[in-house]
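Examining the three-dimensional arrangement
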Protein chains: 2
Amino acid sequence: MATTPAPQTASRVASGRLIFGEPRLRGVRSFGNGGASGRRVSVEAVNGAVRPNGAAAVADVRLVPAPPPASVEGDDGGDAFRLGKFVEGTLVYRQQFVIRSYEIGPDRTATMETLMNLLQETALNHVMCSGLAGDGFGATLQMSLRKLIWVVTRINIQVDKYSRWGDVVEIDTWVASSGKNGMRRDWIIRDRNTKNMIARATSNWVMMNRETRRLSKIPDEVRQEVLPFYLERSIIAADATGSGRKIEKLTDSTAEHIRSGLAPRWSDMDVNQHVNNVKYIGWILESVPLDVLEDYHLTSITLDYRRECRQSQLLESLTSMAMAMTSSPPAEPPLASSLCGSDLHSTHLIRQQDDKAEIVRACAEWRRKEHRGSMEQL
Amino acid sequence: MATTPAPQTASRVASGRLIFGEPRLRGVRSFGNGGASGRRVSVEAVNGAVRPNGAAAVADVRLVPAPPPASVEGDDGGDAFRLGKFVEGTLVYRQQFVIRSYEIGPDRTATMETLMNLLQETALNHVMCSGLAGDGFGATLQMSLRKLIWVVTRINIQVDKYSRWGDVVEIDTWVASSGKNGMRRDWIIRDRNTKNMIARATSNWVMMNRETRRLSKIPDEVRQEVLPFYLERSIIAADATGSGRKIEKLTDSTAEHIRSGLAPRWSDMDVNQHVNNVKYIGWILESVPLDVLEDYHLTSITLDYRRECRQSQLLESLTSMAMAMTSSPPAEPPLASSLCGSDLHSTHLIRQQDDKAEIVRACAEWRRKEHRGSMEQL
């Protein structure tokens, strides 16, 4: 226990020693960042400390008491909904989830926030079941000894079909190298009944010293812990998710919609009293016009995390909408049902209200809902 | 489908025809209100239309497509986490849930909001599995024909132990009469491993015409549909939960802490674009001092719903804290582990910012956390 650093304090943040944000998935301190083929990534613009160009790493999350081990392949019994199982040896972790009534939105389908929550849960359970027993909440043993944590830098989720209350989804996840000092985590979400892929996601992570808040290279000892879990398979090509594609930074003059005075709530905080990074989606939607929210589905969103956010900070949400470009073919093959087209494109910025420091950049694709009138009759 | 009324519009609310709020559990239009022994209840103060003093009713919720029937007693297989099962004939509905990483708060235990979400899910699945196939989202057949819905008026939750990530809870729920035109729904939450009761809850519901927004008596045809599901068993005595006990209405002069400018987010809305009633807990906590949130557990909260809330309304949260009275013995026997004492008592009000109209009154009990320092070391 002695090696577990104390939580970051507000004074530490105020002192200006914060180099790079830690807007990780709640409770996650896992995984790395970087272009799949060694390209420079956005995090470099923050402090220039990391230039990923080689192999990378995987991390650990552990709570006390730890849940039991995952079931083995073929066991689809009662605990299938508690923890998942490994498939393809121990390279892919698979877990099923029921969509609950409180996880659907005004259009009666699972929200993007719900999907991100499920991705987070799957990632955490994957790491826990991998047997890398670190000390504390979010590091392997070798990471804990060095006070290293993982922080997410970018995530892209593409959704073809949103599930409804009572639907069961099956999520596969695995990790891969991403540059020399980063890691990539991918997910596939399938409808359990049809086995069709209904969504997919990819994310990039880097390693940070939790006391100095500086990005770190991956120590060899950590690399040896995690390398056996790598699966070099991409569900979304790097060009499509934009590991290297820069998201435009909106300004007062380029944003069409600005919503100020957004206040993080106590319930938005994670175990370290930072803002849970899933919550940013809610703030992004706050500056999206209501008719877009009502008439369009989000088909893709990319979040580029730039800086951590604490409860005391007032935020602003900026949005700019545009018709989607349909002249060029999509970079990715469409999902199973071929409905992953896009009618609108949007760009977003979440920034601090006082000094305008950016927290998250994002871009998204939207598709017009079909049969909206008939849905309301259900 | 033709009998399903259109969603309430903003203009209807603005027209002043709204008599009583509809801050129901998301998607729930179920169940009734009233004192268990015929006492008048708080809802009477709103429009005086209902004086419950006899038997009551149960309702239906249905989505299309409907999930499969619940498993029967003894079947604890893979679908146990999807839907529950009936025990004690068809009078008690039981379902298990895994606490997810995104359902825990800064202190690493399930939040009160999480518990309320699980109560809601259990209630909805109970009604769905009862076979009362109404048309639309929240009414039995006979209710749909009359454009009647159920609205919650009060809920009380008492928590002895908060679960942690990966814990499995088992929730029992049943319904009972509550006055002539109301219904009561109770819940027990147990730790699946120890089978100890770790929380319990009770709620009161009344029937409303969704077009006129007026409270309604229960038609005989509806009563006949639902009576077979009643179980006259109370997990919390009426005196303790305060079916008749009035919660003080805080004012600018009696409130110690006032937080203004709270804005409902798009993601706070339910399928009818009303505020999901679980969300009020988050707003209540916004005016609770930070040291209370950090150093105390909520052991009991009672929410008294007075008026519905829409996204466009800015809200204020008022709180007053007091040391708990320890001179009188508790009205309820303590829960299994006998830790349900209280160190602080609080009173709350959520009101509209512009006209100060009250939305929710609440009161709560708090117990000092033990071993807080050591928890942070985990």
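Residues numbered from 1 in each chain as written. Chains lettered and ligands numbered in written order. Predicted model: local features only at pLDDT ≥ 70, side-chain atom pairs only at ≥ 80, totals over all residues. Heavy atoms only, no water.

**Section: helix 3 (residues 112-129) of chain B**
All names here are of chain B. Given a rise of 1.5 Å per residue, 18 residues ought to cover 26 Å, and the 26 Å separating the end C-alpha atoms of helix 3 matches this to within 8%. Taking burial as the measure, the 18 residues of helix 3 include 18 buried ones, the bulk of the element. One or two positions beyond helix 3, positive phi appears at Gly 131, with a value near 85°. (Helix = DSSP H or I, 4+ residues; strand = E, 2+ residues; numbered from the N terminus. Expected span 1.5 Å × (residues − 1). Buried < 20%, exposed > 50% of the residue type's maximum accessible area, 1.4 Å probe, protein only.)

**Here we look at the pattern of salt bridges**
All names here are of chain A. Tallied over the full model, the rule gives 46 salt bridges over all chains. In this structure, Glu 88 engages Arg 233 in a salt bridge whose closest nitrogen and oxygen atoms are separated by 2.8 Å. Remark: Arg 233 occurs in the loop between helix 5 (220-226) and helix 6 (238-241) and Glu 88 occurs in the loop between strand 1 (85-87) and strand 2 (92-98); sequence separation between them is 145 residues. Beyond isolated ion pairs, a larger network of salt bridges with shared partners links Arg 94, Glu 170, Asp 172, Arg 190 and Lys 195. (Salt bridge = Lys/Arg side-chain N within 4 Å of Asp/Glu carboxyl O.)

**A short note on the side chain of Arg 351 of chain B**
All names here are of chain B. Turning to its location among the elements, Arg 351 is positioned in strand 11 (residues 344-352). Here Arg 351 falls in the buried class, since its relative accessible area comes to 6%. In terms of polar contacts, Arg 351 uses its side chain to reach the side chain of Asp 252, at 2.6 Å. Here the side chain of Arg 351 touches Glu 316 through a polar contact of 2.7 Å, side chain to side chain. Arg 351 has contacts with Asp 252, Leu 314, Leu 315, Glu 316, Leu 318, Lys 356, Ala 357, Glu 358 and Ile 359, leaving out every residue within four places of it along the chain. (Polar contact = N/O pair within 3.5 Å; in protein donor to acceptor, adjacent residues only side chain to side chain. Contact = heavy atoms within 4.5 Å.)

**Concerning the domain arrangement of chain A**
All names here are of chain A. Taken as a whole, chain A is organised into domain 1 (80-238) and domain 2 (250-324 + 341-370). Here the C-alpha centroids of domain 1 and domain 2 sit 22 Å apart. Taken together, the contacts link 20 residues of domain 1 with 21 residues of domain 2. Regarding the contact of domain 1 and domain 2, the summed buried area is about 1600 Å², with carbon and sulfur atoms giving 50% of it. Per-residue buried area on domain 1 facing domain 2 is highest for Met 112, Glu 113 and Met 116; these three make up 27% of the total on that side. At the junction of domain 1 and domain 2, the tally comes to four salt bridges. In this structure, Lys 279 and Glu 113 form a salt bridge, with 3.9 Å as the shortest nitrogen-oxygen distance. Among the residues making up the side of domain 1 that touches domain 2, the classes are represented as eight nonpolar, six polar and six charged. (Domains from an automatic or database assignment. Buried area = accessible area lost by both parts, 1.4 Å probe. Nonpolar A, V, L, I, M, F, W, Y, C, P; charged D, E, K, R; others polar.)

**Describing the environment of Ala 123 of chain A**
In this fold, Ala 123 of chain A is placed in helix 3 (residues 112-129). In the structure, Ala 123 of chain A is positioned 64 residues away from Trp 187 of chain A in sequence and 8.8 Å away in space, judged by C-alpha atoms.

**Some thoughts on the confidence of the model for chain A**
Residues and elements named next belong to chain A. When pLDDT is averaged across chain A, the result is 73; 67% of the residues are at 70 or more. Low pLDDT, under 50, characterises residues 333-340; the predicted model gives this stretch 18 contacts beyond four residues in sequence or across chains. Per-residue pLDDT stays below 50 along residues 372-378; that stretch engages in 13 contacts with residues further than four places along the chain or on separate chains. Scored by ipTM, the complex comes to 0.76, with pTM at 0.77. (pLDDT = per-residue confidence, 0-100.)

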